[in-house]
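Understanding the architecture of this molecule
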Amino acid sequence: SIKKSIMVVFHVVVYQLDEAKEADAVEAMKTACESLRKIPGVISVDSGHTVGRGKAQGSHAVVVKLTDEASLENYYPSPFHKESVKLIGPLRAADSAVTAIDMVSDVARADNSSCCGVPRCCALVLGVTAVAAATAAVFFARRR
(Lines give C-alpha, C1' and ligand atoms only; values in the text may rest on other atoms or scores of the structure.)
Protein backbone atom coordinates (compact mmCIF):
# COMPACT_ATOMS: atom_id res chain seq x y z
CA SER A 1 0.00 0.00 0.00
CA ILE A 2 1.06 3.60 -0.58
CA LYS A 3 1.85 5.72 2.45
CA LYS A 4 -0.07 9.02 2.68
CA SER A 5 3.20 10.79 3.49
CA ILE A 6 4.37 10.39 -0.11
CA MET A 7 1.14 11.46 -1.80
CA VAL A 8 1.16 14.66 -3.81
CA VAL A 9 -1.20 17.56 -4.43
CA PHE A 10 -2.08 19.04 -7.82
CA HIS A 11 -3.15 22.63 -8.41
CA VAL A 12 -4.84 22.98 -11.82
CA VAL A 13 -5.85 26.33 -13.34
CA VAL A 14 -7.84 26.66 -16.58
CA TYR A 15 -8.34 30.06 -18.25
CA GLN A 16 -9.21 31.66 -21.60
CA LEU A 17 -6.38 33.49 -23.34
CA ASP A 18 -7.15 36.75 -25.15
CA GLU A 19 -6.46 35.82 -28.78
CA ALA A 20 -5.08 39.30 -29.51
CA LYS A 21 -2.36 38.72 -26.89
CA GLU A 22 -1.39 35.21 -27.94
CA ALA A 23 1.99 36.31 -29.31
CA ASP A 24 3.02 37.51 -25.82
CA ALA A 25 1.65 34.44 -24.06
CA VAL A 26 4.42 31.91 -24.71
CA GLU A 27 7.18 34.02 -23.18
CA ALA A 28 4.97 35.10 -20.27
CA MET A 29 4.02 31.48 -19.53
CA LYS A 30 7.69 30.40 -19.56
CA THR A 31 8.53 33.16 -17.09
CA ALA A 32 5.50 32.37 -14.91
CA CYS A 33 6.40 28.66 -14.79
CA GLU A 34 10.01 29.46 -13.90
CA SER A 35 8.73 31.66 -11.07
CA LEU A 36 6.35 28.98 -9.75
CA ARG A 37 9.16 26.39 -9.72
CA LYS A 38 10.98 28.53 -7.11
CA ILE A 39 8.24 27.96 -4.52
CA PRO A 40 9.28 25.47 -1.81
CA GLY A 41 7.38 22.20 -2.18
CA VAL A 42 6.72 22.56 -5.92
CA ILE A 43 7.81 19.39 -7.71
CA SER A 44 6.89 20.41 -11.26
CA VAL A 45 4.96 22.98 -13.28
CA ASP A 46 3.52 22.52 -16.75
CA SER A 47 1.39 24.73 -18.95
CA GLY A 48 -0.12 24.60 -22.39
CA HIS A 49 -3.21 24.87 -24.52
CA THR A 50 -6.24 22.72 -23.84
CA VAL A 51 -7.54 20.14 -26.30
CA GLY A 52 -10.72 18.13 -26.74
CA ARG A 53 -13.45 18.74 -24.19
CA GLY A 54 -11.13 20.87 -22.07
CA LYS A 55 -11.25 23.61 -24.75
CA ALA A 56 -14.85 24.36 -23.75
CA GLN A 57 -13.62 25.52 -20.32
CA GLY A 58 -10.67 27.61 -21.47
CA SER A 59 -7.90 27.77 -24.02
CA HIS A 60 -4.96 27.21 -21.63
CA ALA A 61 -4.10 25.43 -18.38
CA VAL A 62 -1.36 25.35 -15.76
CA VAL A 63 -0.73 22.22 -13.66
CA VAL A 64 1.43 22.48 -10.54
CA LYS A 65 2.53 19.33 -8.68
CA LEU A 66 3.32 19.90 -4.98
CA THR A 67 4.76 17.63 -2.30
CA ASP A 68 1.84 17.92 0.15
CA GLU A 69 -1.07 20.03 1.40
CA ALA A 70 1.22 22.16 3.57
CA SER A 71 3.14 23.14 0.42
CA LEU A 72 -0.16 24.11 -1.21
CA GLU A 73 -1.02 26.37 1.73
CA ASN A 74 2.36 28.09 1.34
CA TYR A 75 1.99 28.27 -2.45
CA TYR A 76 -0.83 30.86 -2.57
CA PRO A 77 0.78 33.65 -0.49
CA SER A 78 4.21 33.15 -2.11
CA PRO A 79 5.62 36.18 -3.94
CA PHE A 80 6.49 33.82 -6.81
CA HIS A 81 2.81 32.85 -7.16
CA LYS A 82 1.78 36.50 -7.06
CA GLU A 83 4.38 37.27 -9.76
CA SER A 84 3.00 34.55 -12.01
CA VAL A 85 -0.57 35.84 -11.57
CA LYS A 86 0.62 39.32 -12.60
CA LEU A 87 2.22 37.85 -15.72
CA ILE A 88 -0.71 35.69 -16.82
CA GLY A 89 -3.63 37.86 -15.65
CA PRO A 90 -3.31 40.56 -18.34
CA LEU A 91 -3.23 37.89 -21.06
CA ARG A 92 -6.64 36.47 -20.16
CA ALA A 93 -9.76 37.34 -22.12
CA ALA A 94 -11.59 40.18 -20.36
CA ASP A 95 -14.84 38.29 -19.72
CA SER A 96 -13.30 34.91 -18.90
CA ALA A 97 -13.42 33.14 -15.58
CA VAL A 98 -10.52 31.24 -14.06
CA THR A 99 -11.18 27.73 -12.82
CA ALA A 100 -8.79 26.45 -10.14
CA ILE A 101 -8.91 22.95 -8.70
CA ASP A 102 -6.73 21.57 -5.90
CA MET A 103 -6.66 17.81 -5.46
CA VAL A 104 -4.79 15.27 -3.38
CA SER A 105 -3.68 12.48 -5.65
CA ASP A 106 -4.64 8.90 -4.94
CA VAL A 107 -2.14 7.73 -7.56
CA ALA A 108 0.95 9.95 -7.91
CA ARG A 109 3.84 9.86 -5.50
CA ALA A 110 6.20 12.66 -4.52
CA ASP A 111 9.21 10.55 -5.52
CA ASN A 112 7.75 10.21 -9.07
CA SER A 113 7.71 6.41 -8.82
CA SER A 114 4.70 4.52 -10.06
CA CYS A 115 2.32 2.72 -7.71
CA CYS A 116 1.47 0.14 -10.37
CA GLY A 117 4.93 -0.40 -11.87
CA VAL A 118 4.01 1.10 -15.26
CA PRO A 119 6.32 4.04 -16.05
CA ARG A 120 4.54 7.34 -16.75
CA CYS A 121 1.15 5.79 -15.91
CA CYS A 122 0.54 8.24 -13.06
CA ALA A 123 1.20 11.26 -15.25
CA LEU A 124 -1.33 10.06 -17.80
CA VAL A 125 -3.98 9.17 -15.22
CA LEU A 126 -3.51 12.43 -13.33
CA GLY A 127 -3.50 14.59 -16.44
CA VAL A 128 -6.84 13.12 -17.50
CA THR A 129 -8.18 13.33 -13.93
CA ALA A 130 -7.16 16.97 -13.50
CA VAL A 131 -8.77 18.08 -16.77
CA ALA A 132 -11.94 16.10 -15.97
CA ALA A 133 -12.15 17.68 -12.51
CA ALA A 134 -11.71 21.20 -13.89
CA THR A 135 -14.30 20.57 -16.61
CA ALA A 136 -16.82 19.21 -14.09
CA ALA A 137 -16.29 22.15 -11.74
CA VAL A 138 -16.96 24.69 -14.48
CA PHE A 139 -19.98 22.75 -15.76
CA PHE A 140 -21.62 22.59 -12.34
CA ALA A 141 -20.74 26.21 -11.52
CA ARG A 142 -22.52 27.34 -14.70
CA ARG A 143 -25.65 25.32 -13.86
CA ARG A 144 -26.20 27.27 -10.59
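Basis of the calculations
Residues numbered from 1 in each chain as written. Predicted model: local features only at pLDDT ≥ 70, side-chain atom pairs only at ≥ 80, totals over all residues. Heavy atoms only, no water. Helix = DSSP H or I, 4+ residues; strand = E, 2+ residues; numbered from the N terminus. Buried < 20%, exposed > 50% of the residue type's maximum accessible area, 1.4 Å probe, protein only. Contact = heavy atoms within 4.5 Å. Areas by Shrake-Rupley, 256 points an atom, 1.4 Å probe, with all protein chains shown as cover. Core = buried A, V, L, I, M, F, W, Y, C linked by side-chain atoms within 4.5 Å. Phe/Tyr/Trp six-rings, centres within 6.5 Å; stacked < 30°, edge-to-face > 60°. Pairing = 2+ DSSP bridges. 1 Å grid on protein atoms, 1.4 Å probe; cavity = no way out; pocket = protein on both sides within 12 Å on 5 of 7 lines; lining within 4 Å. Points joined across faces, edges and corners; volume = space filled by probe spheres on them. Nonpolar A, V, L, I, M, F, W, Y, C, P; charged D, E, K, R; others polar. Axes fitted to C-alpha atoms, helices over the stretch in contact; angles between N-to-C directions. Parallel < 35°, antiparallel > 145°, perpendicular 65-115°, else oblique. pLDDT = per-residue confidence, 0-100.

1. A few points about the overall build of the chain
Each helix and strand in the chain was counted, giving four helices and four strands. Counting every position in the chain, which comprises 144 residues, the buried fraction comes to 35%. Long-range contacts, defined here as pairs at least 24 residues apart, represent 75% of the contacts in the chain between residues at least 6 apart. Total accessible area on the chain stands at roughly 8600 Å², and carbon and sulfur atoms take up 57% of it.

2. Some details on the nonpolar core
With 20 residues, the main nonpolar core has Val 62 and Val 64 as its most contacted residues. If you list the elements that add at least two residues to this core, you get strand S1 (7-15), helix H1 (22-36), strand S2 (42-49), strand S3 (60-66) and helix H2 (69-75). Per-element tally for this core: the top contributor is H1, with six residues. Ignoring sequence-local partners within four residues, the contact set of Val 62 consists of His 11, Val 12, Val 13, Tyr 15, Met 29, Leu 36, Val 45, Asp 46, Ser 47 and Ile 88.

3. Section: the packing of aromatic side chains
Inspection of every chain in the model, using the stated rule, returns one aromatic pair. Centre to centre, the rings of Tyr 75 and Tyr 76 are 5.6 Å apart; their planes meet at 80°, and the pair counts as edge-to-face.

4. Side note on the pairing of S3
The buried fraction of S3 is high, at six of seven residues. Taken together, the seven bridges between S1 and S3 define a ladder with antiparallel strand orientation. Along S3, the bridge assignment pairs His 11 with Val 64. Bridge count between S2 and S3: seven bridges; the pairing is antiparallel. Bridge assignment links His 49 to a residue of S3, and that residue is His 60.

5. Observations concerning the layout of surface pockets
Taken as a whole, the second largest pocket holds about 260 Å³ of empty space. At the level of secondary structure, the elements contributing two or more residues to the lining of the second largest pocket comprise S1 and helix H3 (79-88). The leading source of residues in the lining of the second largest pocket is H3, at four residues. Taken together, the residues of the lining of the second largest pocket break down into 10 nonpolar, four polar and one charged.

6. Observations regarding the packing of H1 against H3
Between H1 and H3, the least distance of the axes is 8 Å, while the angle of their chain directions is 170°. Compared by their axis directions, H1 and H3 come out roughly antiparallel. Residue-level inspection shows Ala 28, Met 29, Thr 31, Ala 32, Ser 35 and Leu 36 of H1 in contact with H3, the latter providing Phe 80, His 81, Glu 83, Ser 84, Leu 87 and Ile 88. Split into classes, the residues belonging to the contact of H1 with H3 amount to seven nonpolar, four polar and one charged.

7. Focus: the confidence of the model for the chain
Scored by pLDDT, the chain comes out at a mean of 78, with 69% of its residues at no less than 70. Across residues 116-122 the pLDDT falls below 50, and counting only partners more than four positions away or on other chains, this stretch makes seven contacts in the model.

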